[in-house]
Amino acid sequence: MFDLHNKSLDRLFHAILDLESTEECYRFFEDLCTVKEVRDLAQRLDVAVLLSEKRNYQDISARTGASTATISRVNKCLLYGKGGYATAIKKLNEESK
């Protein structure tokens, strides 16, 4: 993987962390990204969740509409990335309990 750290991204991430509700996130991301970009981000997280549940590629593709290339890329990040998906999934699971 590669290092993304810089001041612009720090500002972006701080702005996201400062949002206080799902509605604020919707408004921010609707201004920041195209609809397709937001949907693609959500799809990747859905893929990561399903991979963490040990679902197979065909099932994941059928459920999310993701290509096998997208599923493979997300799987690579889960296996060899920096743990971002795993942290997010863990927090989502804790939140849903």
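What you are looking at is a predicted structure, and each value in this text was computed from that prediction instead of being measured.

(A) Fine view of the overall build of the protein chain. Counting its secondary structure elements, the protein chain contains six helices and zero strands. Structurally, the protein chain occupies a C-alpha span of about 35 × 30 × 30 Å along its principal axes. Every one of the 97 residues in the protein chain was classed for burial, and the buried ones make up 13%. Accessible surface, the protein chain as shown: approximately 7800 Å² in total, 53% of it carbon and sulfur. Of note, the protein chain has its 15 positive side-chain charges centred 8 Å away from the centre of its 15 negative side-chain charges.

(B) Summary view of the environment of Arg55. Tracing the sequence through the fold places Arg55 in the loop between α3 (35–52) and α4 (57–64). Owing to a relative accessible area of 31%, Arg55 belongs among the partly exposed residues under this scheme. Not counting residues up to four positions away in its chain, the partners in contact with Arg55 are Leu50, Ile60 and Arg63.

(C) Looking closely at the packing of helix α5 (residues 68–80) against helix α6 (residues 84–96). One can describe the packing of α5 onto α6 by two numbers: an axis separation of 7 Å at closest approach and a directional angle of 90°. Viewed along their axes, α5 and α6 adopt a mutual orientation that is roughly perpendicular. Only Tyr85, Ala86 and Ile89 of α6 make contact with α5, whose side of the interface consists of Val74, Cys77 and Leu78. Classifying every residue of the contact of α5 with α6 by side-chain character gives six nonpolar, no polar and no charged.

(D) Molecular detail of helix α1 (residues 7–18). For α1, which comprises 12 residues, the first-to-last C-alpha distance of 16 Å matches the rise-based estimate of 16 Å (1.5 Å per residue) to within 8%. Capping the start of α1, Asn6 holds a side-chain oxygen 3.0 Å from the backbone nitrogen of Ser8, two or three residues further along.

(E) Structural detail: the packing of α3 against α4. Contact geometry for α3 and α4: axes closest at 10 Å, N-to-C directions at 145°. The crossing of α3 and α4 is right-handed. Contacts between α3 and α4 pair Gln43, Asp46, Val47, Leu50 and Leu51 from the former with Tyr57, Ile60, Arg63 and Thr64 from the latter. Class assignment of the residues belonging to the contact of α3 with α4 gives a composition of five nonpolar, two polar and two charged.

(F) Structural detail: the nonpolar core. If you look at the biggest cluster of nonpolar residues, it comprises 11 residues: Val47, Ala48, Leu50, Leu51, Ile60, Ala66, Ile71, Val74, Cys77, Tyr85 and Ile89. Looking at this core, the elements that each hand over two or more residues are α3, α5 and α6. Here this core takes four residues from α3, the largest share from any one element. Sequence-distant contacts of Val47, that is, excluding residues within four places in its chain, are made with Ile60, Thr64, Ala66, Ile71 and Val74.

Conventions and cut-offs
Residues numbered from 1 in each chain as written. Predicted model: local features only at pLDDT ≥ 70, side-chain atom pairs only at ≥ 80, totals over all residues. Heavy atoms only, no water. Helix = DSSP H or I, 4+ residues; strand = E, 2+ residues; numbered from the N terminus. Buried < 20%, exposed > 50% of the residue type's maximum accessible area, 1.4 Å probe, protein only. Areas by Shrake-Rupley, 256 points an atom, 1.4 Å probe, with all protein chains shown as cover. Lys, Arg positive; Asp, Glu negative; His and termini not counted. Charge placed at Lys NZ, Arg CZ, Asp CG, Glu CD. Contact = heavy atoms within 4.5 Å. Axes fitted to C-alpha atoms, helices over the stretch in contact; angles between N-to-C directions. Parallel < 35°, antiparallel > 145°, perpendicular 65-115°, else oblique. Nonpolar A, V, L, I, M, F, W, Y, C, P; charged D, E, K, R; others polar. Expected span 1.5 Å × (residues − 1). Polar contact = N/O pair within 3.5 Å; in protein donor to acceptor, adjacent residues only side chain to side chain. Left-handed = near helix turned anticlockwise from the far one by under 90°. Core = buried A, V, L, I, M, F, W, Y, C linked by side-chain atoms within 4.5 Å.

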